[in-house]
Amino acid sequence: MMQLPLHFWLFAAITAVVFGACVGSFLNVCIYRIPLDQSVVTPRSHCMSCGKLIPWYHNIPVLSYFICRGKCFNCKEPFSFRYAFVELLTALFFVLVVAAYPPIGGHTILGMTQISFPALVPIYWIFLSGLIVATFVDFDHYIIPDSVSIGGSIAGIIFSFIVPELHGQSIWWQGGLYGILGFVAGFVPLQLLRLGFTWYFRKRERIEQDEYAMGFGDIKLMGAVGAFLGYQAAGFSILAGAFLGTVIALPLLLCGKRKLLDKIPFGPYLSLGAIIYLFWGEAIIGAYLRLLIG
Ligand SMILES: [Zn+2]
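Here the structure is a predicted model, which is why all the values come from computation and not from measurement.

In this section: the overall build of the chain. Helix and strand counts for the chain come out as 10 helices and two strands. Put simply, the chain runs from its N terminus to its C terminus through helices and strands in the order α-α-α-β-β-α-α-α-α-α-α-α. Relative to the globule expectation of 19 Å for 294 residues, the C-alpha radius of gyration of the chain, 21 Å, shows essentially globular dimensions. In terms of its C-alpha atoms, the chain occupies a principal-axis envelope of roughly 55 × 55 × 40 Å. Per-residue burial for the chain yields a buried fraction of 35% across its 294 residues.

Here it is as structure tokens:
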């Protein structure tokens, strides 16, 4: 396969970073407003403290945060660094998608050989944007909005029909079937687990009779991961999420910080698992299989 020229990578990377930062700015609005049931379109961004409308030249993603030294241009109330962080993270993910799934054929700079399919890039951008919103809303409110999880599941299945290459297929209904299969693989096993644990914990009176042992939002989100990336991705994300959750939870448990543990949502780990799969899943699974066989 041909090697892409350097100027292509430069142009693609700069475009992805600038566009990603702008999308990240919109994701900040979504993260703040969706859980409050507010419109993400109107009103335009304003300072949470003094209510002053932020003019466009003070609302440039990432740059404005540093130019205004993280403060409101009007009342000097500090803004959370997280706004700039979400913009930077979105920009990073957008450029990683272009690197891992280059819109024209060739070797990727991540070292994989990838058959190019340009429509994958915007679909993965949409997918990652959804995960970012789900993760930060989950951190703030311990919920995952239905518009992201259910909306993402429906969008993933529709994209699977339109772009069967999402699942390595070339015929529309085969792609669609893999999308539906992916949703089922992400949703059903976790839902059965949730109902099983809930039944057991209620019987042992470890939780109230109207409480559930797991959040429902995470499970709907895994349906969306499967619909976009396939059943292997759903399985990988659940295992990776459980592993990452344990790695981070164990030290907290050993330090007797149990209280803190009750407060850590599972959604962000599942999202992290899905992101690792998107960029390095095939490489990790390949290495694991070689380890098993060799
Ligand atoms: Zn202000």
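Another point: the packing of helix H6 (residues 172-203) against helix H7 (residues 216-229). Where H6 meets H7, the axes come as close as 6 Å, and the angle between the chain directions of the two elements is 155 degrees. Relative to H7, the element H6 is oriented roughly antiparallel. The way H6 lies across H7 gives a crossing that is right-handed. Only Ile-219, Lys-220, Met-222, Gly-223, Val-225, Gly-226, Ala-227 and Leu-229 of H7 make contact with H6, whose side of the interface consists of Gly-179, Gly-182, Phe-183, Ala-185, Gly-186, Phe-187, Leu-190, Gln-191 and Arg-194. The residue inventory of the contact of H6 with H7, partitioned by class, reads nine nonpolar, six polar and two charged.

Between Thr-42 and the following residue, Pro-43, the backbone shows a cis peptide bond with an omega angle of -10 degrees. Position of Pro-43 among the secondary structure elements: in the loop between helix H1 (6-33) and helix H2 (63-67). Backbone geometry at Val-62 places phi at a positive 60 degrees, although glycine is not the residue there. By the element assignment, Val-62 lies in the loop between H1 and H2. Even without glycine at this site, Arg-69 takes up a positive phi of about 50 degrees. Position of Arg-69 among the secondary structure elements: in the loop between H2 and helix H3 (81-100).

Further remarks concern the environment of Ala-274. Its place among the elements puts Ala-274 in helix H10 (residues 267-293). Residue Ala-274 is classed as buried on the basis of its 28 C-beta neighbours within 10 Å. Between the C-alpha atom of Ala-274 and that of Val-40, which follows or precedes it by 234 residues, the distance is 26 Å. When near neighbours in sequence (up to four residues on either side) are disregarded, Ala-274 contacts Leu-131, Val-225, Leu-229, Ala-233 and Ser-237.

What follows deals with the domain arrangement of the chain. On domain assignment, one finds that the chain holds domain 1 (1-91) and domain 2 (131-294). On a C-alpha basis, the centres of domain 1 and domain 2 stand 27 Å from each other. Secondary structure elements with two or more residues in the side of domain 1 that touches domain 2: H1 and H3.

Glancing now at H1. In this model, H1 (28 residues) spans 40 Å end to end at C-alpha, consistent with the 40 Å of a helix rising 1.5 Å per residue. Taken residue by residue, H1 has Ala-16, Gly-20, Ala-21, Val-23, Gly-24, Ser-25, Leu-27, Asn-28, Cys-30 and Ile-31 as its buried positions. Structurally, H1 contributes buried residues whose contacts are with H3 and helix H4 (120-141).

The rules behind each value
- Residues numbered from 1 in each chain as written.
- Predicted model: local features only at pLDDT ≥ 70, side-chain atom pairs only at ≥ 80, totals over all residues.
- Helix = DSSP H or I, 4+ residues; strand = E, 2+ residues; numbered from the N terminus.
- Rg over C-alpha atoms; globule rule 2.2 N^0.38 Å.
- Buried ≥ 20, exposed ≤ 12 C-beta atoms within 10 Å, placed from the backbone.
- Axes fitted to C-alpha atoms, helices over the stretch in contact; angles between N-to-C directions.
- Parallel < 35°, antiparallel > 145°, perpendicular 65-115°, else oblique.
- Left-handed = near helix turned anticlockwise from the far one by under 90°.
- Contact = placed C-beta atoms within 7 Å.
- Nonpolar A, V, L, I, M, F, W, Y, C, P; charged D, E, K, R; others polar.
- Domains from an automatic or database assignment.
- Expected span 1.5 Å × (residues − 1).

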